[in-house]
Every structure is written in structure tokens, then in C-alpha cells.
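Structural overview
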Amino acid sequence: MTSAPADMLAMAQGVLDAQPFSTLVGARATRFTPEGVEVSLALCPDLTQHHGFAHGGLQATLADITLTFMGAAALGPSVLTSEFKINFLRPAQGDTLIGRGSVLSAGKRQAVTRCDLYAAQDGQEKLVATALGTIARADVP
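Procedures and definitions
- Residues numbered from 1 in each chain as written.
- Predicted model: local features only at pLDDT ≥ 70, side-chain atom pairs only at ≥ 80, totals over all residues.
- Heavy atoms only, no water.
- 1 Å grid on protein atoms, 1.4 Å probe; cavity = no way out; pocket = protein on both sides within 12 Å on 5 of 7 lines; lining within 4 Å.
- Points joined across faces, edges and corners; volume = space filled by probe spheres on them.
- Helix = DSSP H or I, 4+ residues; strand = E, 2+ residues; numbered from the N terminus.
- Nonpolar A, V, L, I, M, F, W, Y, C, P; charged D, E, K, R; others polar.
- Patch = residues over 30% accessible without salt bridge, like charges linked within 9 Å, V, L, I, M, F, W, Y side chains within 5 Å.
- Areas by Shrake-Rupley, 256 points an atom, 1.4 Å probe, with all protein chains shown as cover.
- Salt bridge = Lys/Arg side-chain N within 4 Å of Asp/Glu carboxyl O.
- Core = buried A, V, L, I, M, F, W, Y, C linked by side-chain atoms within 4.5 Å.
- Buried < 20%, exposed > 50% of the residue type's maximum accessible area, 1.4 Å probe, protein only.
- Contact = heavy atoms within 4.5 Å.
- Pairing = 2+ DSSP bridges.
- Axes fitted to C-alpha atoms, helices over the stretch in contact; angles between N-to-C directions.

1. Overview of the layout of surface pockets
One number sums up the size of the largest pocket: a volume of about 340 Å³. In terms of lining, the largest pocket is formed by 18 residues, of which the most central are Val-15, Gln-19, Ile-65, Thr-68 and Phe-69. At the level of secondary structure, the elements contributing two or more residues to the lining of the largest pocket comprise α1 (5-17), α2 (20-25), α3 (56-75) and β3 (79-88). Counting residues per element, the lining of the largest pocket draws most heavily on α3, at six residues. Partitioned by chemical class, the residues of the lining of the largest pocket number 12 nonpolar, five polar and one charged. Forming the walls of the second largest pocket are Arg-90, Pro-91, Gln-93, Ala-119, Gln-121, Gln-124, Glu-125, Lys-126 and Val-128. Counting residues per element, the ones that place at least two in the lining of the second largest pocket are β5 (110-121) and β6 (124-137). The element that contributes the greatest number of residues to the lining of the second largest pocket is β6, accounting for four residues. Partitioned by chemical class, the residues of the lining of the second largest pocket number three nonpolar, three polar and three charged.

Shown next as C-alpha cells:
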């Protein structure tokens, strides 16, 4: 992608705003460049599990969004997740969940991307999960 960072960020947020599930969880694009992406969401009680930690499904959702945006940065906007795995490192608790992504390798049809998830509280961040994904170019408009 060769657009200016501000244009890329606006495009990324437009994609999130067009996805009902992303709007349901409140995902916000806060940085998007070819070198990295950051997507965050506010942690509220409705998005936690019975111990009050961020639900694993929510963390997987944020990882998938972040991984796919990095795949789009490498391959172009028409991409889909082919597969991903996530390792939960510690319970995610705080007021914000942040996904930071990067591209590990990219070819013509697929990219391998990485996402580290952080839980933030009062300006302090803790790494809570890491994910790896394969993002594939898709034949969709």
C-alpha cells in the first residue's frame, strides 16, 4: 500500500465501521502503516468472562482483525484469514485491549502476520496474548 498514513488509517476505520461485529465490540483503528497496525477497543463488563477478564473470543476477534489488516497492507485490500492461532499468556484485565500487528513474510497470494495483544490500565500495558496468522488474497470486491 502506498497511501499516506492518515488515508490508510481512515480506510481501516471505514472497514471496521462497515463490519457489524467490529462495531459491536467497539474496535477502533489507531495506527495503520505498511510497517504496522494498531487496533484497540475499550474493555467493558459486557466483553468479559465470569472472572472479569477479557473473554478469549474477544481477544481472538481483535487478533483476527489486526492480523488481517497487516495482510491487507502486504497483499492489497481484498484478503481473508486463511488460518490463525493464538496463545493466551495471562488474563487480560484493564480498561483497553490493544492489538499490534506486523508482517513476517509476504508473497503474491498470502502473508504470514503476527499480532501481540496488550491489556492497558492507567497507562501501563501488559502483553496478554500473541497470535500468528496466514492471510490470503481473496477473489472478492
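2. As for a nonpolar patch on the surface
A surface patch of nonpolar side chains, amounting to about 230 Å² of accessible area, comprises Leu-104, Val-112 and Leu-132. Examined against the element boundaries, Val-112 turns out to sit in strand β5.

3. Observations concerning the nonpolar core
With 34 residues, the main nonpolar core has Val-39, Leu-41, Leu-58, Phe-69 and Leu-97 as its most contacted residues. Sorting the residues of this core by element identifies α1, β1 (28-33), β2 (36-42), α3, β5 and β6 as the ones contributing at least two each. Looking at which element gives the most residues to this core, the answer is α3, with 10 residues. Residues contacting Leu-97, with those up to four places away along its chain left out, are Val-39, Ser-40, Leu-41, Leu-43, Leu-58, Gln-59, Leu-62, Ala-92, Tyr-118, Ala-119 and Val-128.

4. Structural notes on the sheet that holds β2
Here six strands make up an open sheet; going across it, the order is β1-β2-β4-β5-β6-β3 and the pairing antiparallel. Across the chains shown, the open sheet's two edge strands, defined by having one partner strand only, are β1 and β3. The mean inter-strand angle of the sheet, taken between neighbouring strand axes irrespective of direction, is 20°. Sheet topology note: the strand β4 (residues 96-106)/β5 ladder contains 10 bridges and is antiparallel. Each residue of the ladder has a partner; that of Arg-100, found in β5, is Asp-116. Taken strand by strand, α1 contacts β1 and β2, and its axis lies near 140° from that of β1.

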